[in-house]
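Read off the chains here:
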Amino acid sequence: MAASTTFNWPWQYDFPPFFTIQKNADTKAKQIEAWCTLVLEYHQHNKLLKLRVADALASPLFSNKAIERKLPKEGVMEVLESLCKKGNVQWDDKSKTSCVIYWKTIEQWADIIYSWASKTGSLNTVCTLHELTQGPHTTSEPFHGLDDWLLIKALSTLQSRGKAELIGEEGVKFFA
Amino acid sequence: MDRFSWSTGGPLYGEKEILKQSSVRIYDGDEKTSYDDGSLILTTHQIIWRDSSDFQICISVPLCLVVFCEKQSGGIGRSAKLSVHLQAAQANRTPGPVSRSRYDYVRFSFKNGGESEFHTKLQSAMQTKEWEKTSSQATSSPVSKSSAKTGPIRASGIVGIERKIEENRRVTDKNISVAFQDLTKLMEKAKEMVSLSSNIANKIKDKKGDITDDETVKFKSYLLSLGIPNPVTKETHGSGTHYHMQLAHEIASLLKQPLEENAGIMLLSDAYCRINRARGMELLSPEDLLNACRMLDNLKLHMKLREFETGVLVLQLDSHSDEKVISQTTELVDDSKSLSAQELANLVSVSVLLAKERLLLAERAGKLCRDDSDEGLRFYPNLFAQPMR
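Residues numbered from 1 in each chain as written. Chains lettered and ligands numbered in written order. Predicted model: local features only at pLDDT ≥ 70, side-chain atom pairs only at ≥ 80, totals over all residues. Heavy atoms only, no water.

Caption draft 1: Highlighting the overall build of chain A. For chain A, the count of helices and strands is 6 helices and 8 strands. Within the span of chain A, comprising 176 residues, buried residues form 48% of the whole. For chain A, the accessible surface area stands at approximately 9100 Å², while carbon and sulfur atoms represent 53% of it. (Helix = DSSP H or I, 4+ residues; strand = E, 2+ residues; numbered from the N terminus. Buried < 20%, exposed > 50% of the residue type's maximum accessible area, 1.4 Å probe, protein only. Areas by Shrake-Rupley, 256 points an atom, 1.4 Å probe, with all protein chains shown as cover.)

Rendered as structure tokens:
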């Protein structure tokens, strides 16, 4: 799904030191924090889930052509590792060439979907997965357009909590 | 020819050799003599001829007998000659090779040339009349106590060449030792100079009224740059800890003012240059300086050696405060949005190395952040630390 509005870059994006990993530990912590926020917001805005490190290095996310700065690979890795610790990144392989960016964690997704279900009175009824992500009633919801595998993961979490039950591979029933 | 006397060739009192020319033959007037190959020596007192094959054959004529001399240029198969006209022989003359002669002049034939120089030197020697000045102490006869001077070194064959080389070496040796003597003398003089300068300084203090304050200050600064009056040396204070302690005191007193002028901090390399410039001759090794500087802190001399994390060594006054430097640096960076070490160095007129240390210091304090790009390392105000913008 293409972004409907242009992404609002944070102020740091135009601040050259943002693209140099800082030596001062405190400063660096704040810098990495800012990067994490930016990466998540960027992916959320563009509804991107996958990130390949090699591609990311050249993407506008990590390089600002206007001020001719780009975050070096070590920097990118540090940011992703930091996100990984927070549960927002899951590496696809051990060599860490690509990863999934959960701009919301599975837990958060699960909560969002459940609260939607209870809000719209969909509890104790069966919904199709297609209905959840592509249906006309969910266009304004954040999980609209969500990948199926992610949706299933979130619903599985709800299932383990006893709040929902997956029916086959297409449907789900929410419990009160 | 009858004016000549037998001679030992040894110097007379006050006599100096002026010129020596080899391969000279003597003519008694127009007649050839058996003295056909020898070296002719001109001294301040006499002309000496010494046989080149048997140096015991040595005859001389005192310069006081010479009336005048003239040159006869040579030609094909004929060597250039010098005619020397002589006065009548002295009655008391010591015996010579010829008792009577028809001629009042002798001629020297220069087979190897050199007659013009001999002519000039002979004439100037006759004008100087050096022999008259010492005639009261010596007669024209050679002094018998002459030193065991060996005959002239003859350059013939390999032995001759070897001798010549040996002689050259001796002369070089002598020159070198003379040169070093000069150096020692210079060092002695330097000490005198230093004491002189301190004397002048004291006098200036006394006569302060006569000279304006400005001039006094100026002159004092000249004197100061002349050096330390009494440098601490290994000779005066031995080596080891005591030496370094004394040295530390000297460093502290000498560098206090420059340090104050340089915002309380100075690169050790700069300090090294300043110390050695002030010491003049008694140069200090870098190791001794370092050891002495390490003691500064313990001796409570208001300054200490400091090593930055980058390994840069500096001397720093105790009054120097990092906080002040950090806040000043941060302010400067704030004003110009971003600074490189070079730009800061220009702004506060310190060396680039020190400017970089200042920036790194401020960075460690979390006041600045860095931008390391192809254009070099620049420092920005640490906007990350300011929560919201």
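Caption draft 2: Representation of the packing of aromatic side chains in the model. With the rule as written, the count across this model stands at 17 aromatic pairs over all chains. Pairing Trp35 of chain A with Phe62 of chain A gives two aromatic rings, centres 5.4 Å apart and planes at 35°, and the pair type is tilted. Here the residue Trp35 of chain A occupies a position in helix H1 (residues 25-45), and Phe62 of chain A occupies one in the loop between helix H2 (53-58) and strand E2 (63-64), the gap between them amounting to 27 residues. In terms of burial, Trp35 of chain A and Phe62 of chain A fall into one category: buried. Grouped by ring-pair contacts, the aromatic residues Phe7, Trp9, Trp11, Tyr13, Phe15, Phe18, Phe19, Trp35, Tyr42 and Phe62 of chain A together with Tyr380 and Phe384 of chain B constitute a single cluster. In this arrangement the basic side chain of Arg107 of chain B is found over the ring face of Tyr27 of chain B, its NZ or CZ atom lying 5.1 Å from the centre. (Phe/Tyr/Trp six-rings, centres within 6.5 Å; stacked < 30°, edge-to-face > 60°. Lys NZ or Arg CZ within 6 Å of the ring centre and 35° of its normal.)

Caption draft 3: Highlighting the interface of chain B and chain A. Counting residues at the interface gives 17 residues for chain B and 16 residues for chain A. Arg69 of chain A is the partner of Glu375 of chain B in a salt bridge, and the nearest nitrogen-oxygen pair spans 3.7 Å. Taken together, the elements giving at least two residues each to the side of chain B that touches chain A come down to helix H11 (352-364), strand E14 (368-373) and strand E15 (376-381) of chain B. No other element matches E14 of chain B, which puts 5 residues into the side of chain B that touches chain A. The residue makeup of the side of chain B that touches chain A, split by class, is 7 nonpolar, 3 polar and 7 charged. (Contact = heavy atoms within 4.5 Å. Salt bridge = Lys/Arg side-chain N within 4 Å of Asp/Glu carboxyl O. Nonpolar A, V, L, I, M, F, W, Y, C, P; charged D, E, K, R; others polar.)

Caption draft 4: Representation of empty space enclosed by the protein in the model. All names here are of chain B. This model, assessed by the stated rule, comprises 1 cavity of 30 Å³ or more. If you add up the space inside the largest cavity, you get close to 60 Å³. Lining the largest cavity are Ile265, Arg306, Phe308, His320, Asp322, Val325, Leu354, Glu357, Arg358 and Leu361. Elements supplying a minimum of two residues to the lining of the largest cavity: helix H9 (322-335) and H11. The element contributing the most residues to the lining of the largest cavity is H11, with 4 residues. Class assignment of the residues belonging to the lining of the largest cavity gives a composition of 5 nonpolar, 1 polar and 4 charged. Shared between two domains, the lining of the largest cavity takes at least three residues from each, and those domains are domain 3 (230-314) and domain 4 (322-385). (1 Å grid on protein atoms, 1.4 Å probe; cavity = no way out; pocket = protein on both sides within 12 Å on 5 of 7 lines; lining within 4 Å. Points joined across faces, edges and corners; volume = space filled by probe spheres on them. Domains from an automatic or database assignment.)

Caption draft 5: Region of interest: a nonpolar patch on the surface. Together, Ile176, Phe180, Leu183 and Leu186 of chain B line one region of the surface with nonpolar side chains, adding up to about 390 Å² of accessible area. Looking at the secondary structure, you find Leu183 of chain B in helix H3 (residues 157-206). (Patch = residues over 30% accessible without salt bridge, like charges linked within 9 Å, V, L, I, M, F, W, Y side chains within 5 Å.)

Worth remembering: the numbers are spatial, not functional.
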